[in-house]
Amino acid sequence: MTQNASALAGRVAVVTGASSGLGEATAKRLAASGAKVAVLARRGDRLELLVKEIEQAGGVALAVPVDVTDAAAVAAAAERVAGELDTADLLFNNAGVMLPAPAEELPLQQWQQQIDLNVSGLMNVIGAFLPQLIASAAEKGVADLINTSSIAAQNIFPSFAVYSGTKAYVTHMSRTLRAELGAKDVRVSAIEPGIVGTELQGHVTDPGALEWLAGAKETMTWLNPEDVAEAVNFLATQPAHVNLQQITIMPTRQAS
C-alpha cells in the first residue's frame, strides 16, 4: 500500500501497547498517514525512542508512560493527551499478553494477568477515551475505536483457553459496542490476527506451547507487525459512512 502522508491529517490517534510489536508498528504507520500519535505503554524509555523516530520522519508524537491496568492512571493519561495533542478521535486499543498453559496445571497468576490486561485494561482505556471519541465524532463526523483481538477468539487452541476467552470477549464486546456507538458516528472494529512475530511469544513458558510455536515457525511465514499496522490504517482511512466491523488477517499458510 502506498503511504499517503495526509490520509489522517488533523486526526489524533492513541495507541496502547506501543513500546513494541503491533503498537509500535501501528504508531509509526498512523503518523506516516498524518495523524498526531500518543503512544502509551509501561516502558517509558522505549516510548521516548519511538517518539524520536516518528519525529525524525516528520511526524508528531507524544510519549505517555502508563500501566493500562491502573484505571486512575489511564484517566490521567487521557487528560494529558487532550491537553497536549487535542481530543482523541482514533484509538488503537492494543495492549495485551498471551500466557498459554494446560488448565490442569492451574496457573492462577497467569490466568489473572491475562484477564487483568486483556479485558480489564482494555476496558479502562475505553472508559478513559470514549468521551473524547464521542466528542470528536460530533465535531469531525467520525471517530475510530479499533480493538486488538485474535484468531484465538474464533478457533480452538489447546492450552490457550484463558487467552482465547479474553480475546472472544474483545471480539464480541467490540461488535456489540459498534451497534451502540454507530449512531454517534464512532466506528468500532476488532482486528483478529493469526500468528504475528512479536514479543508475545517471548512471554510463553509452557513447553507444549513453545514446541507448537517452533513448529509453526518452520512451516509458515508469520505475519509482521507492519502487516497488521497496514490493516489498522486501512480501517481508519475508510469514508466516514463505512465501518469494517471485523478484520481477520492470517499468514497465508496458517490454516486455523
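Above this text you will find the structure in question.
Report follows, based on the coordinates. Because the structure is a prediction, the values reported are computed rather than measured.

**Considering the overall build of the chain**
Then step 1. Of the regular secondary structure elements, the chain holds seven helices and seven strands.
Then step 2. N-terminal to C-terminal, the α/β element order of the chain is β-α-β-α-β-α-β-α-β-α-β-α-α-β.
Then step 3. Here the C-alpha atoms of the chain give a radius of gyration of 17 Å, agreeing with the 18 Å that 2.2 N^0.38 yields for 256 residues.
Then step 4. Counting over 256 residues, the chain shows a buried share of 51%.
Then step 5. Counting contacts in the chain only where the partners sit at least 6 residues apart, residues at least 24 apart contribute 74% of the total.
Then step 6. Accessible surface for the chain amounts to roughly 11,400 Å². Of this, 53% is attributable to carbon and sulfur atoms.
Then step 7. Of the side-chain charges in the chain, 17 are positive and 26 negative, and the distance between the mean point of each set is 6 Å.

**Some details on the packing of helix H4 (residues 108-140) against helix H5 (residues 161-181)**
Then step 1. The N-to-C vectors of H4 and H5 enclose an angle of 15°; their axes lie 9 Å apart at closest approach. Classified by the angle between their axes, H4 and H5 sit roughly parallel to one another. The chirality of how H4 crosses H5 is right-handed. Here Trp111, Gln114, Ile115, Asn118, Val119, Leu122, Met123, Ile126, Leu130 and Ile134 of H4 come into contact with H5, specifically with Val162, Tyr163, Thr166, Lys167, Tyr169, Val170, Met173, Leu177 and Leu181.
Then step 2. Broken down by class, the residue content of the contact of H4 with H5 amounts to 15 nonpolar, three polar and one charged.

**As for the packing of aromatic side chains**
Then step 1. Taken as a whole and assessed by the stated rule, the structure comprises two aromatic pairs.
Then step 2. Members of the aromatic cluster, joined through ring pairs, are Phe157, Phe160 and Tyr163.
Then step 3. Its end group placed over the ring of Trp222, Lys217 keeps NZ or CZ at 4.3 Å from the ring centre.

**Considerations on the pattern of salt bridges**
Charged atoms that come close allow side chains of opposite charge to pair.
Then step 1. Applying the stated criterion across every chain yields a total of eight salt bridges.
Then step 2. Through salt bridges with shared partners, a single network forms among Arg11, Asp89, Lys140, Asp144 and Arg187.

**Notes on the sheet that holds strand S1 (residues 12-16)**
Then step 1. Sheet architecture is open: seven strands sit in the order S3-S2-S1-S4-S5-S6-S7, paired in parallel fashion. The sheet is open, and its two borders are formed by strand S3 (60-65) and strand S7 (246-249), each paired with just one other strand. Taken over all neighbouring pairs, the strand axes of this sheet differ in orientation by 15° on average, direction set aside.
Then step 2. When strand S5 (residues 143-148) meets strand S6 (residues 186-193), the two strands line up parallel, connected through six bridges. From the neighbouring strand, Asn147 faces S6, where its bridge partner is Ala190.
Then step 3. Relative to the sheet, helix H1 (residues 21-32) contacts S1, strand S2 (36-41), strand S4 (90-93), S5 and S6, its axis offset from that of S1 by approximately 170°.
Then step 4. Packed onto the sheet, helix H2 (residues 44-56) meets S2 and S3 and runs at close to 175° relative to S3.

**Side note on the side chain of Thr166**
Then step 1. By the element assignment, Thr166 lies in helix H5.
Then step 2. A polar contact is formed between the side chain of Thr166 and the side chain of Asn118, at a distance of 3.2 Å.
Then step 3. Setting aside residues no more than four positions away along its own chain, Thr166 makes contact with Gln114, Ile115, Asn118 and Val119.

What counts, and where the lines are drawn
- Residues numbered from 1 in each chain as written.
- Predicted model: local features only at pLDDT ≥ 70, side-chain atom pairs only at ≥ 80, totals over all residues.
- Heavy atoms only, no water.
- Helix = DSSP H or I, 4+ residues; strand = E, 2+ residues; numbered from the N terminus.
- Rg over C-alpha atoms; globule rule 2.2 N^0.38 Å.
- Buried < 20%, exposed > 50% of the residue type's maximum accessible area, 1.4 Å probe, protein only.
- Contact = heavy atoms within 4.5 Å.
- Areas by Shrake-Rupley, 256 points an atom, 1.4 Å probe, with all protein chains shown as cover.
- Lys, Arg positive; Asp, Glu negative; His and termini not counted.
- Charge placed at Lys NZ, Arg CZ, Asp CG, Glu CD.
- Axes fitted to C-alpha atoms, helices over the stretch in contact; angles between N-to-C directions.
- Parallel < 35°, antiparallel > 145°, perpendicular 65-115°, else oblique.
- Left-handed = near helix turned anticlockwise from the far one by under 90°.
- Nonpolar A, V, L, I, M, F, W, Y, C, P; charged D, E, K, R; others polar.
- Phe/Tyr/Trp six-rings, centres within 6.5 Å; stacked < 30°, edge-to-face > 60°.
- Lys NZ or Arg CZ within 6 Å of the ring centre and 35° of its normal.
- Salt bridge = Lys/Arg side-chain N within 4 Å of Asp/Glu carboxyl O.
- Pairing = 2+ DSSP bridges.
- Polar contact = N/O pair within 3.5 Å; in protein donor to acceptor, adjacent residues only side chain to side chain.

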